[in-house]
Amino acid sequence: VFDGWQHRAGVHDRAPLAVEWLTGGCLLVRTEAVREVGPLSERWFIYAEDLEFCKRLTDAGWRIVHLPSAVAHHRFGSSTPEAGSPNARWVYAMIDFYRSQWSPSFVTELAWRLTVGAGFLGRSAGYAVRARLRPTERDSWRREAQKYAAYARAVARSGESSAGPEQPAIV
């Protein structure tokens, strides 16, 4: 049902699969495609530039394909200054991307932020439950719960202005 929506190791690894977006940690892009749609946007230094680039590619008729035979090792979280601590910069980048692409009204943005915030809170609650059920892994699951609670707070704060309090400068 969710083919192409979210890649999980081992789930979509059997055959090439058309998707809407791939992480910028490793993209192989045809030169003609970059000439047609332009390079990665400088609006975001990190966390949204690959999403916006893939959207421009698909809008121009190019296909984004996950190739399971191509292997790259991407260390998630290694680009953040404080490893292991919640970093809401990517949340603010996603909110800015949403605003830049769809120019939502107050009502639709509020609905979007409530949905995304509720998703983060739900994940935080799930990790908190897992922390209680797995005493030997309690600290790591508790950190995950705290991280997603921080993401939910970032979404809530994003409505205060066009840039959140931890929003990095946008070029």
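I will try to describe carefully the structure that is included in this document. (Residues numbered from 1 in each chain as written. Predicted model: local features only at pLDDT ≥ 70, side-chain atom pairs only at ≥ 80, totals over all residues. Heavy atoms only, no water.)

All right, on to the nonpolar core then. Val91, Phe120, Tyr127, Tyr148, Tyr151, Ala154 and Val155 are the most contacted members of the largest nonpolar core, which totals 14 residues. Mapped by element, the contributors of at least two residues to this core are helix 3 (89-102), helix 4 (106-133) and helix 5 (138-157). At seven residues, helix 5 tops the list of elements feeding residues into this core. Excluding its chain neighbours within four sequence positions, the residues that come into contact with Val91 are Phe120, Tyr151, Ala154 and Val155. Listed in part, the nine residues of the second largest apolar core include Val19, Ala33, Phe53 and Leu57. (Core = buried A, V, L, I, M, F, W, Y, C linked by side-chain atoms within 4.5 Å. Buried < 20%, exposed > 50% of the residue type's maximum accessible area, 1.4 Å probe, protein only. Helix = DSSP H or I, 4+ residues; strand = E, 2+ residues; numbered from the N terminus. Contact = heavy atoms within 4.5 Å.)

Let's shift gears to the environment of Ala150. Relative to the helices and strands, Ala150 resides in helix 5. Look at Ala150 and you get buried, because its relative accessible area is 13%. Each C-alpha atom, one on Ala150 and one on Phe120, is 8.7 Å from the other, the two residues being 30 residues apart in sequence.

One non-glycine residue, Tyr47, lies in positive phi territory at about 85°. Residue position: Tyr47 is located in the loop between helix 1 (31-37) and helix 2 (49-59). What makes Tyr47 partly exposed here is its relative accessible area of 22%. A positive phi angle, close to 35°, is found at Ser103, a residue other than glycine.

On to helix 2. Residues of helix 2 that are buried include every one of Glu49, Asp50, Glu52, Phe53, Cys54 and Leu57, and no others. Among the structural elements, helix 1, strand 2 (64-66) and helix 3 are those in contact with the buried residues of helix 2. The first or second residue beyond helix 2 is Gly61, which carries a positive phi of 95°.

In this section: a nonpolar patch on the surface. The grouping of Phe106, Val107, Leu110 and Leu114 at the surface amounts to a nonpolar patch, some 440 Å² of accessible area in total. The topology assignment puts Leu114 in helix 4. In this structure Leu114 comes out as exposed when scored by relative accessible area, which is 58%. (Patch = residues over 30% accessible without salt bridge, like charges linked within 9 Å, V, L, I, M, F, W, Y side chains within 5 Å. Areas by Shrake-Rupley, 256 points an atom, 1.4 Å probe, with all protein chains shown as cover. Salt bridge = Lys/Arg side-chain N within 4 Å of Asp/Glu carboxyl O.)

With that out of the way, let us pick up the environment of Ser41. Structurally, the position occupied by Ser41 is in the loop between helix 1 and helix 2. On the basis of relative accessibility, which here comes to 21%, the residue Ser41 falls in the partly exposed class. A C-alpha to C-alpha distance of 7.1 Å links Ser41 and Phe53, two positions twelve residues apart in sequence. For Ser41, the contacting residues outside a window of four places in its chain are Glu49, Glu52 and Arg56. Polar contacts involving the side chain of Ser41 include one to the main-chain amide nitrogen of Arg43, which spans 3.0 Å. (Polar contact = N/O pair within 3.5 Å; in protein donor to acceptor, adjacent residues only side chain to side chain.)

Overall, the coordinates contain seven salt bridges when judged by the stated rule. Here Lys55 makes a salt bridge to Asp59, at a shortest N to O gap of 2.8 Å. Separated by four residues within a single helix, Lys55 and Asp59 lie in helix 2, roughly one turn from each other. When the shortest N-O distance is used, the salt bridge between Arg134 and Glu137 registers 3.6 Å. Judged by its relative accessible area of 31%, Glu137 falls in the partly exposed class. Connected through salt bridges with shared partners, the residues Arg99, Glu109 and Arg113 form a single ionic network.

Let us now look at helix 3. Residues spaced three or four apart along an α-helix point in a common direction, a consequence of the helix completing one turn every 3.6 residues. Look at helix 3: 20 Å from first C-alpha to last across 14 residues, which is about the 20 Å you get at 1.5 Å a residue. Every buried residue of helix 3 is listed here: Val91, Tyr92, Ala93, Ile95, Asp96, Phe97, Tyr98 and Arg99. Buried residues along helix 3 sit against helix 2, helix 4 and helix 5. Once helix 3 finishes, Ser103 follows within two positions and takes phi at roughly 35°, a positive value. (Expected span 1.5 Å × (residues − 1).)

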